[in-house]
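# Structural features, examined
Here's the letter readout for the chains.
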Amino acid sequence: VNIRRHPLEIPPPSEKDWPRDDEEDFFLQDPDGKCDVLPQPVRMINKLVIQVFESAMEIIERREMLREAQKRKVQPTNCSPTAEFQVTGRANCLAVSGKYTFIGLSVGLAAFSTCDCKEICAWNAVKTEICALHASDLGNESHVLLAVDEMGLVWLFCFHEESFLLIKALNEVGDISKRSTCVEVVLSLGGDYAGVLLQGNTKAWLEIYQLPKDSWLREMEKNPGAAAGLACSERRPSCTSVVQNILNTLLLQDSLVSANQADPKLDLPVLLLTLKPPEPITGSSFESPLDALKEVEDGSMLGLGYNHLIKDFQWELQEAVFRSTYRDYLEAEGVIKEEIPRHATFHFLLPSQVLQVGPDMKVQPDVPAGIGVHWDGNHNFCLYLLNHPLNEQVDSDLKPDVVWPCAAPIACSAVSSCSRYLALAGEDATITIWDKHLGFPLSVTAILEERFIRSIHFL
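Residues numbered from 1 in each chain as written. Predicted model: local features only at pLDDT ≥ 70, side-chain atom pairs only at ≥ 80, totals over all residues. Heavy atoms only, no water.

### Overview of the overall build of the chain
Helices and strands together make up the secondary structure of the chain, namely seven helices and 20 strands. The proportion of buried residues among the 459 residues of the chain is 35%. Across the chain, contacts joining residues at least 24 apart in sequence account for 53% of those joining residues at least 6 apart. Summed over its atoms, the accessible surface of the chain is roughly 30400 Å², and 55% of this surface lies on carbon and sulfur atoms. (Helix = DSSP H or I, 4+ residues; strand = E, 2+ residues; numbered from the N terminus. Buried < 20%, exposed > 50% of the residue type's maximum accessible area, 1.4 Å probe, protein only. Contact = heavy atoms within 4.5 Å. Areas by Shrake-Rupley, 256 points an atom, 1.4 Å probe, with all protein chains shown as cover.)

### Brief notes about the confidence of the model for the chain
Averaged over the chain, the pLDDT score is 77; the fraction of residues at 70 or greater is 70%. Of the regions scoring below 50 in pLDDT, residues 228–263 engages in 33 contacts with residues more than four places distant in sequence or in other chains. (pLDDT = per-residue confidence, 0-100.)

### Brief notes about the pattern of salt bridges
Going through the model one piece at a time under the given rule, you end up with five salt bridges. When the shortest N-O distance is used, the salt bridge between R67 and E64 registers 3.0 Å. Here the residue R67 and the residue E64 both occupy positions in helix 1 (residues 40–72), the gap between them amounting to three residues, near one helical turn. Since its relative accessible area comes to 41%, R67 is described here as partly exposed. Here K213 makes a salt bridge to D192, at a shortest N to O gap of 3.5 Å. Taken together, the positions of K213 in helix 2 (residues 213–222) and D192 in the loop between strand 9 (181–187) and strand 10 (193–199) put the pair 21 residues apart, joining distant regions of the chain. (Salt bridge = Lys/Arg side-chain N within 4 Å of Asp/Glu carboxyl O.)

### Details of the sheet that holds strand 4 (residues 119–123)
Reading across the sheet, the four strands line up as 1-2-3-4 and stay open at both edges, with antiparallel pairing between neighbours. The open sheet is flanked by strand 1 (91–97) and strand 4, the only strands paired with a single partner. Pairwise comparison of adjacent strand axes, ignoring direction, gives a mean angle of 20 degrees for this sheet. (Pairing = 2+ DSSP bridges. Axes fitted to C-alpha atoms, helices over the stretch in contact; angles between N-to-C directions.)

### Observations regarding the nonpolar core
With 23 residues, the main nonpolar core has L146, V154, L156, V196, L211 and W216 as its most contacted residues. Those elements that place two or more of their residues in this core are strand 6 (142–149), strand 7 (154–160), strand 8 (164–169), strand 9, strand 10, strand 11 (204–210) and helix 2. (Core = buried A, V, L, I, M, F, W, Y, C linked by side-chain atoms within 4.5 Å.)

### Quick word on the sheet that holds strand 15 (residues 380–385)
Read across the sheet, four strands follow the order 13-14-15-16 without closing on themselves; strand pairing throughout is antiparallel. The sheet is open, and its two edges are formed by strand 13 (344–349) and strand 16 (402–405), each paired on a single side. Looking at each pair of strands side by side, their axes are set apart by 20 degrees on average, direction ignored. With four bridges joining them, strand 15 and strand 16 adopt antiparallel strand pairing.

### What to know about the environment of F164
Checked against the element boundaries, F164 lands in strand 8. Of the residues examined, F164 reaches a relative accessible area of 1% and is grouped as buried. Expressed as a C-alpha distance, the spacing of F164 and A122, which sit 42 residues apart in the sequence, is 7.6 Å.

### Remarks on a nonpolar patch on the surface
Side chains of I45, V49 and F53 sit close together on the surface and give an oily, nonpolar patch of about 300 Å² of accessible area. Looking at the secondary structure, you find F53 in helix 1. Since its relative accessible area comes to 56%, F53 is described here as exposed. (Patch = residues over 30% accessible without salt bridge, like charges linked within 9 Å, V, L, I, M, F, W, Y side chains within 5 Å.)

### Quick look at the packing of aromatic side chains
Any aromatic ring pair is given by two values, namely how distant the centres are and how the planes are angled relative to each other. On inspection of all chains with the given rule, the structure shows 12 aromatic pairs. Arranged with centres 6.0 Å apart and planes meeting at 75 degrees, the rings of F157 and F164 form a pair that is edge-to-face. The pair F157 / F164 is uniform in exposure class, with both members buried. One aromatic cluster is present, built from ring pairs that chain together Y100, F102, W123, W155, F157, F159 and F164. A cation over an aromatic ring shows up here: K203 above the ring of W205, its NZ or CZ 5.8 Å from the ring centre. (Phe/Tyr/Trp six-rings, centres within 6.5 Å; stacked < 30°, edge-to-face > 60°. Lys NZ or Arg CZ within 6 Å of the ring centre and 35° of its normal.)

This is the structure in structure tokens:
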């Protein structure tokens, strides 16, 4: 009989009894399906194949996630064109006013009906290419158009009873060497005013015209046959029959005779303002602050920086200190001299508390009462009143009625559709929203990243 003196104990495991990694789940393996150990080249190939499959599965899962995220996004609606405008030549620009669509072509203008997209009439008397086009509804089935051709000429048209009536080329001169080029054209809502930014060889300026649309409408009502005759003369023939062409020619001659007998004489637009860019600020000739205040009382504008007491030698000393401090940067990048700005952004503004007019001036709520202008590289947003008497001569050095100085040069600006809110974006990436009716800022937004704002719009 074998009698144990000590209780039965489990012996401690030894290293040789530790289970190996490949034998941990040996009880789950099928003994019949167990393969022999592969040799080394085959094991390396097997590992590479497994890695390829794992990488492929990761790519597939990632693409599935992106596809699901794309499905959850709002997909834009794909719209197909419902109609086409058949034009002759190349279409460069278009403008919509009322029930008409005006298209600037490689040769002349064309008017189409927005309802059925059919051509109504065309104008190609000068054989010039139209590059920019603006239109506004005058009422009574009349529209005013401003077209800019490839040579920079601004053509003023009145469209009435399906015909183009050429009124004037605003910047046309007899001497070609003195001709100015149009840079930008703005037509006010309602067609009361038009602004043309012109550029010469060495300077630029802004011209503001008042359009006598009331007299145009009265003249159109007095001579309805003339406009109809011009419409017949400008409408392109669509019949191919020889007999029909002969009849159309006879009718056209009769209509031209009646049109010449009652040719409407439309009044020319009136030049209200000529605005020039501000001159660079120079040294002052004032000896005391009292002299500067006297200059302001004589009609000079306060806030433009011209009525100061800084002498020429102080400007020179400041420039010398600047050059000595930043000499390395100036030599590397080159010195940029201050030049007179040659481009401006301007907006027609409705009446507000900021634009106060005299008691003898009539103000209509839907007619612009002023214009806001800022030139490139300038800190000031200048406001000018438009309700000036027409018998006054145009001042070539007109001072603004209101000046809004900004901390940084103004890069771009925008005015809301109601003309109450004004957005000014500076070159320091700061956007300020002004309430023009009350005259104080509503919000100031600074973009943290160093970005240059090129355009801004109200939605």
